[in-house]
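# Examination of the molecular architecture
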Amino acid sequence: MLDVKMIREEPDIVRAGMKKRGMDPSPVDEAIAFDQKRREVLKEVEVLKAERNKVSKEIGNMKDAEDRQAKIDSMKEVGDKIKSFDESVRKIDEDLQNVMAIIPNIPDEKVPEGFTEDDNVETKRWGDIPEFDFEPQAHWDMGPDLGIIDFERGVKLSGSRFYVLSGAGAKLQRALISFFLDLHTKQGYKEIYGPFIVREEVLYGAGQLPKFRGNLYKDHEEDFYLLPTSEVSMTGLHMDEVLDEKDLPILYTAYSPCFRREKMSAGRDVRGIKRGHQFDKVEMYKYCLPENSPAELDKMIEDAEACCQLLGIPYRIVLKCAGDTSEAAMISYDLEAWAAGCQEWLEISSISNVGDFQSRRARIRYRPEEGGSPKPLHTLNGSGLALPRVMIAILENNQQEDGSVIIPEALRPYLGGLEVIRKEN
C-alpha cells in the first residue's frame, strides 16, 4: 500500500505509474477525495472536542446548579455530534482503505514500458542450450515412460491439472527441496517452517487480497486460506511489529506447497506438469533498510542463479515490463530455465523488490538506531526455486537416447548416490 501522503502531495506520479501498468488511474482521484473529506471531518471534530474540553472546565468552576445543568445539557448535544462525526470518520477511513488497497506500487524507473510478457527485456543468459543427436522428448511423454509421473491417477484423485509423482520422481522432488533449502541457509537465509493455512488479514498484508481472491482456496466455514506462496506467511511473521535497525537485514527461506485456482485453458502452455493448482516451492524473503533494497535485490537474483548454475540448468533473466509486473512490486526479474523437450523457456523464479508496499499494509516498521519514530522498511521476495518446472528442465535437458535421465552431480547426495533415473518396472 502506498503512503496516503504521497497520493495527496504527488498524485501525478501515482497516476503515471498506474498508466504505465495499463491501469485506469481514477482510484487516485477517489483516494484524494476520501482523504480530503476525512481531514475536513477531523477538523470539525477537533473544534467540537476543544469546545467540550473548555466547557468541561467551566462546568467544574460553576456554582449555580441551574447554569451548570444547562451547560451539561448543551454538552450532550456536542457529544452526540462528536459521536456522529467519529462514525463518519470511521466510514470514510474504511472507504479510503478500500480504494488504497487497489492502487498498485509505483514501477521503478528501470521498469520498461509494455503490458505483456512479450515486452519483457532479456538481461542475461547462462549455460549452453543442450543439443541431441536424437529427437528429445517432452516430460509428459518421458514421465509416464519412466514410471515416475502418473497423470491418469492424479486426475482420478483430484481432477484436471493434478498428477502423482512416484519412485524416483517423488524422490527427485524431495531432493530438490532439500538442496535449495540447504543452499539458501549457506547463503545466510534462516529456514522457516510455518503453517500452510493463513488468515485473511495475512493475505491482505502481503498484497494478495483483494486482487487475487478468486485464485485462492478458502475454507468454507473459517477464516482460513490455503497458502498461495510462502511469501505470504513470511510477510505475516512480523506483522504489527517494530524491528530494530541493528537486526536488519533479516533473511528467511521456506518450503511450502502452494495452492492456486489457476484459470487455465486447454493447450500447449498447460500440458504436463508446467502449471497446476498445487505445486511445491522454496521461497526467499528479505526485510531490509529502504536504502539497501536495490543491492539486496541484486544479491537475491544471484542466490537464485546459484541454484541453476549448480544444477547445470541453462537459464535467462528477463526484466519484467510494467504491465507484467506484480502490482505489489516496484521491479521484478524472472529467471527462466530452458526445457529441451518443451522447447521453451519456463519461469522458475520471479524476484521482486516490493519497497514499503507490504510493510505498510502489514504494519511492519523498524526503529532507527539514531532514535526517532519507527519507519516502514522494505521487503523483497523471490522463488528459490519453484517446482515442478525445475524438474521439467532436469528431466528434459539430461535425457538420454534410451529414455534414461542423468542426475545432476550436485543432487546425487540427496538421492542416495543415484546417478541415473531408468524406467521403473
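Residues numbered from 1 in each chain as written. Predicted model: local features only at pLDDT ≥ 70, side-chain atom pairs only at ≥ 80, totals over all residues. Heavy atoms only, no water.

## Here we look at the packing of aromatic side chains
Geometrically, a pair of aromatic rings is defined through the distance of the ring centres and the angle of the planes. For the coordinates displayed, the defined rule picks out nine aromatic pairs. Relative to phenylalanine 196, the ring of tyrosine 193 lies with its centre 5.5 Å away and its plane at 70°, an arrangement referred to as edge-to-face. Since its relative accessible area comes to 23%, phenylalanine 196 is described here as partly exposed. An aromatic cluster is built from Phe179, Phe180 and Tyr414, whose rings are joined through pairwise contacts. Its end group placed over the ring of tyrosine 204, arginine 361 keeps NZ or CZ at 4.2 Å from the ring centre. (Phe/Tyr/Trp six-rings, centres within 6.5 Å; stacked < 30°, edge-to-face > 60°. Buried < 20%, exposed > 50% of the residue type's maximum accessible area, 1.4 Å probe, protein only. Lys NZ or Arg CZ within 6 Å of the ring centre and 35° of its normal.)

## As for the pairing of strand E12 (residues 344-355)
Of all twelve residues in E12, eleven are buried, a share of seventy percent or more. Across nine bridges, strand E11 (residues 331-339) lies against E12 in antiparallel orientation. Across the sheet, the residue bridging to glutamate 336 is glutamate 347, located in E12. Across four bridges, E12 lies against strand E15 (residues 378-386) in antiparallel orientation. (Helix = DSSP H or I, 4+ residues; strand = E, 2+ residues; numbered from the N terminus. Pairing = 2+ DSSP bridges.)

## Overview of the packing of helix H7 (residues 168-186) against helix H10 (residues 293-311)
Two numbers describe how H7 lies on H10: the axes approach to 11 Å, and their chain directions differ by 130°. The orientation of H7 with respect to H10, classified from their angle, is oblique. H7 and H10 meet at a crossing whose hand is right-handed. Residues Leu176, Phe179, Phe180, Leu183 and His184 of H7 pack against Asp303, Ala306, Cys307, Leu310 and Leu311 of H10. Here the residues of the contact of H7 with H10 sort into eight nonpolar, one polar and one charged. (Axes fitted to C-alpha atoms, helices over the stretch in contact; angles between N-to-C directions. Parallel < 35°, antiparallel > 145°, perpendicular 65-115°, else oblique. Left-handed = near helix turned anticlockwise from the far one by under 90°. Contact = heavy atoms within 4.5 Å. Nonpolar A, V, L, I, M, F, W, Y, C, P; charged D, E, K, R; others polar.)

## Re the pattern of salt bridges
What the rule picks out here adds up to 29 salt bridges. A salt bridge links aspartate 150 to arginine 153; the shortest N-O distance between them is 2.6 Å. Between aspartate 356 and arginine 360 there is a salt bridge, with its nearest N and O atoms 3.2 Å apart. Judged by relative accessible area, aspartate 356 falls into the partly exposed class, the value being 22%. On the basis of relative accessibility, which here comes to 27%, the residue arginine 360 falls in the partly exposed class. Through salt bridges with shared partners, a single network forms among Glu122, Arg125, Arg316 and Glu336. (Salt bridge = Lys/Arg side-chain N within 4 Å of Asp/Glu carboxyl O.)

## Observations regarding the sheet that holds strand E13 (residues 365-367)
On the basis of which strands lie adjacent, the open sheet formed by three strands has the order E7-E13-E14 and mixed pairing. What marks the edges here is a single partner per strand, and that holds for strand E7 (242-244) and strand E14 (375-376). Relative to E14, E13 is paired through two bridges, and the arrangement is antiparallel. Within E14, the residue paired with tyrosine 366 across the bridge is lysine 375.

## Things to note about the pairing of strand E9 (residues 278-288)
For E9, a buried count of ten out of eleven residues is recorded, marking the element as mostly surrounded by other parts of the structure. Note that strand E8 (residues 250-259) and E9 share ten bridges and pair antiparallel. When the sheet's bridge partners are listed, leucine 251 is paired in E9 with lysine 286. Examined bridge by bridge, E9 and E15 share seven bridges and lie antiparallel to one another. Note that in E15 the partner of tyrosine 285 across the bridge is asparagine 381.

## Describing the sheet that holds E12
A sheet is described by the order of its strands in space; here eight strands give the open sequence E1-E10-E11-E12-E15-E9-E8-E4, paired in mixed fashion. Lying at the two open borders of the sheet, with one neighbouring strand each, are strand E1 (121-126) and strand E4 (190-192). For this sheet, the mean inter-axis angle between neighbouring strands, taken without regard to orientation, is 25°. The sheet contact formed by E1 and strand E10 (residues 315-319) spans five bridges and is antiparallel. Each bridged residue has a counterpart across the sheet, and for tryptophan 126 the counterpart in E10 is tyrosine 315.

## What to know about the environment of glutamate 94
Mapped onto the elements, glutamate 94 comes out in helix H4 (residues 65-100). According to the relative accessible area criterion, glutamate 94 is partly exposed, its value standing at 38%. Between the C-alpha atom of glutamate 94 and that of phenylalanine 34, which follows or precedes it by 60 residues, the distance is 9.6 Å.

## Notes on the nonpolar core
Ranked by internal contacts, the top residues of the largest apolar core, which has 60 residues, are Leu176, Phe180, Leu311, Val390 and Leu411. With 24 residues, the next largest nonpolar core counts Val202, Met239, Tyr252 and Ala254 among its residues. (Core = buried A, V, L, I, M, F, W, Y, C linked by side-chain atoms within 4.5 Å.)

## Considerations on the environment of glycine 276
Along the chain, glycine 276 turns up in the loop between E8 and E9. Glycine 276 sits in the buried class, given a relative accessible area of 10%.

## Observations regarding unusual backbone geometry
Cis geometry marks the peptide bond from glycine 384 to leucine 385, where omega comes out at 10°. Mapped onto the secondary structure, leucine 385 falls in strand E15. Residue leucine 387 is joined to proline 388 through a cis peptide bond whose omega torsion reads 10°. Structurally, the position occupied by proline 388 is in the loop between E15 and helix H12 (389-397). Positive phi, normally seen in glycine, also occurs at glutamine 343, with a value near 60°. With respect to the helices and strands, glutamine 343 occurs in the loop between E11 and E12.

## Quick look at the packing of H7 against H12
As a packed pair, H7 and H12 sit with axes 10 Å apart at the nearest point and diverge in direction by 115°. Judged by the sense of rotation from one axis to the other, the crossing of H7 with H12 is right-handed. Of the residues in H12, those in contact with Gly169, Leu172, Gln173, Leu176 and Phe180 of H7 are Val390, Met391, Ile394 and Leu395. Residues that form the contact of H7 with H12 fall into these classes: seven nonpolar, two polar and no charged.

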